[in-house]
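# Descriptive structure summary
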Amino acid sequence: MTDDAAVPDLRASDADRERVAEVLRDALAEGRLDMAEFEERLEHTYRARTYGELAPITRDLPAHGVTPAVSLRKDPVPEGSWAGRIVGAEESTGRAIAVMSGFQRKGRWIVPRRFTAVAFWGGGELDLREADFAAGEVEISCVAIMGGVQIVVPPGVEVVVRGIGIMGGFDQRETGVAGEPGAPRVIVSGFAFWGGVGVERKLSRAARRQAKLERRAARKEVGEGGERELGA
């Protein structure tokens, strides 16, 4: 449990409620809860608004201590650290639709096992660089009609593009790049008509800042080494 999750007055998210519901489903399957207890606790879960209301629901179950921790992570996930980013839970919304408009998903969110993105005379962006993943393999199905969808993935993620384009296309540049051990696999599928689906690989802002600091430290170290040699 993170420090923030231990504050009972903080508002819980849909993803937090889904994690509690998953713990309850596991407990039902294992025989820890009977059907009546399960239904009662599930009802309380979806009515809960704060962590103080969620915590008692799974307090006597084995997985209760990890339920809301993931979504309250304040520090960026270190680049290449995948174990904590495949969370086995999903957000309640597995789709984004833009009709003569746009959508954007970025920052800390959970990419579900199946996500549908539709852009009709519009555009959308799905940024996975700081996202968690519901499973080791997720599929993003895109429908781009006279519009476009842009998908940004972090280094280390394997990307497989299977979309079909008619007077449009799917960006294949990231297909075939081997993923890191333990990293998720992202399948991009769907249909583009007079539109396009782009896939690009970028470092997160935190990773770019870290790389910049490391380059600056390396230059400083080289400079100080030269000065010591001149002094000698």
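Residues numbered from 1 in each chain as written. Predicted model: local features only at pLDDT ≥ 70, side-chain atom pairs only at ≥ 80, totals over all residues. Heavy atoms only, no water.

## Some words on the overall build of the protein
Definition in use: For the purposes of this entry, the term helix denotes a DSSP run of H or I that reaches at least four residues, the term strand denotes a run of E that reaches at least two, and both are numbered from the N terminus. For this analysis, residues touch if any pair of their heavy atoms sits within 4.5 Å. Here the Shrake-Rupley method, with its probe set to 1.4 Å, supplies the accessible areas, and only the displayed protein chains count as covering residues.
Scanning the protein for helices and strands turns up four helices and 13 strands. Restricting the contact set of the protein to residue pairs at least 6 apart, pairs at least 24 apart contribute 69%. Here the protein displays about 12,700 Å² of accessible surface, and carbon together with sulfur accounts for 53% of that area.

## A few points about the sheet that holds strand β2 (residues 102-105)
Under the convention used in this document: Any two strands between which DSSP finds at least two bridges are classified as paired.
Strand order across the open sheet formed by five strands is β2-β5-β8-β13-β11, with parallel pairing between neighbours. Two strands close off the open sheet at either side, each with one partner strand: β2 and β11 (169-170). As paired elements, β11 and strand β13 (residues 196-201) share two bridges and run parallel to each other. When the bridges of β13 are listed, Gly169 appears paired with Gly196.

## Side note on helix α2 (residues 35-47)
Rule in force here: A helix is expected to span 1.5 Å multiplied by its residue count minus one. We call a residue buried when its accessible area falls under 20% of the maximum for its residue type, exposed when it is over 50%, and partly exposed in between, using a 1.4 Å probe and counting protein chains only. It is the directions from the helix axis to the C-beta atoms that the arc portrays. Polar contacts, as used here, are pairs of N or O atoms within 3.5 Å; protein pairs need one atom able to donate a hydrogen and one able to accept it. Residues neighboring in sequence count only if both atoms are side-chain atoms.
Between its terminal C-alpha atoms α2 stretches 18 Å, which fits the 18 Å expected from 13 residues at 1.5 Å a residue. By the burial criterion, the buried members of α2 are Phe38, Arg41, Leu42 and Thr45. Along α2, the residues classed as buried sweep out an arc of 105° about the axis, all on the same side. Residues Ala36 and Arg47 are exposed on α2 and point more than 90 degrees away from its buried face. Where α2 is buried, its residues contact α1 (14-29) and α3 (51-54). Between a side-chain oxygen at the N-terminus of α2 and the backbone nitrogen of Ala36 the separation is 3.2 Å; the capping residue is Asp34.

## Here we look at the environment of Asp60
With respect to the helices and strands, the residue Asp60 is situated in the loop between α3 and β1 (95-99). Placed 28 residues apart in sequence, Asp60 and Arg32 show a C-alpha to C-alpha distance of 9.7 Å. A polar contact is formed between the side chain of Asp60 and the side chain of Arg41, at a distance of 2.9 Å.

## Considerations on the packing of aromatic side chains
In this description, an aromatic ring pair is defined by two values, namely the gap between the centres and the angle between the planes. In plain terms, the rule: Classification of ring pairs rests on two measures: the distance between centres of Phe, Tyr or Trp rings, Trp counted by its six-membered ring, which must be within 6.5 Å, and the angle between planes, read as stacked under 30 degrees, edge-to-face over 60 and tilted in between.
Counted by the stated rule, this structure contains three aromatic pairs. Relative to Trp194, the ring of Phe193 has its centre 5.8 Å away and its plane inclined at 5°; by these criteria the two rings are stacked. When its relative accessible area of 49% is taken as the criterion, Trp194 is described as partly exposed.

## A few points about the packing of α1 against α2
Just so we agree on the cut-off: In this description, a line fitted to the C-alpha atoms serves as the axis of each element, helices being fitted only across the stretch in contact, and the angle between N-to-C directions of two axes falls anywhere from 0 to 180 degrees. The scheme is simple: roughly parallel for angles under 35 degrees, roughly antiparallel for over 145, roughly perpendicular for 65 to 115, oblique for anything else.
In contact at an axis separation of 10 Å, α1 and α2 are set at 175° when each is read in the N-to-C sense. One way to sum up the angle between α1 and α2 is to call them roughly antiparallel. In this structure, α1 uses Arg17, Glu18, Val20, Ala21, Leu24, Arg25 and Leu28 to contact α2, whose residues at the interface are Met35, Phe38, Arg41, Leu42, Thr45 and Tyr46.

## A closer look at the nonpolar core
Basically, it comes down to this: Here, nonpolar core means buried Ala, Val, Leu, Ile, Met, Phe, Trp, Tyr and Cys residues that are tied together by side-chain atoms lying within 4.5 Å of each other.
If you look at the biggest cluster of nonpolar residues, it comprises 30 residues, and the most contacted ones within it are Leu128, Cys142, Ile151 and Val188. Put simply, the parts of the chain that give this core at least two residues each are β1, β4 (114-120), β7 (137-145), β8 (148-153), β9 (158-161), β12 (185-193) and β13. At four residues, β7 tops the list of elements feeding residues into this core. In terms of nonpolar packing, the next biggest core, distinct from the first, is built from 13 residues, Val20, Leu42, Leu54 and Ile57 among them.

## A word on the environment of Arg95
For Arg95, the location among the structural elements is in strand β1. Sequence separation between Arg95 and Ile140 is 45 residues; the distance between their C-alpha atoms is 9.2 Å. Among residues more than four places away in sequence, those in contact with Arg95 are Phe115 and Thr116.

## Here we look at the pattern of salt bridges
Put simply, the rule reads: When a carboxyl oxygen of Asp or Glu is within 4 Å of a side-chain nitrogen of Lys or Arg, the pair counts as a salt bridge.
According to the stated counting rule, one finds twelve salt bridges in the structure shown. We note a salt bridge from Arg25 to Glu22, for which the minimum N-O separation is 3.3 Å. Of this pair, Arg25 and Glu22 are both found in helix α1, three residues apart, which corresponds to roughly one turn of the helix. Residue classification places Glu22 among the partly exposed positions, given a relative accessible area of 31%.

The analysis is restricted to geometry; functional conclusions fall outside its scope.
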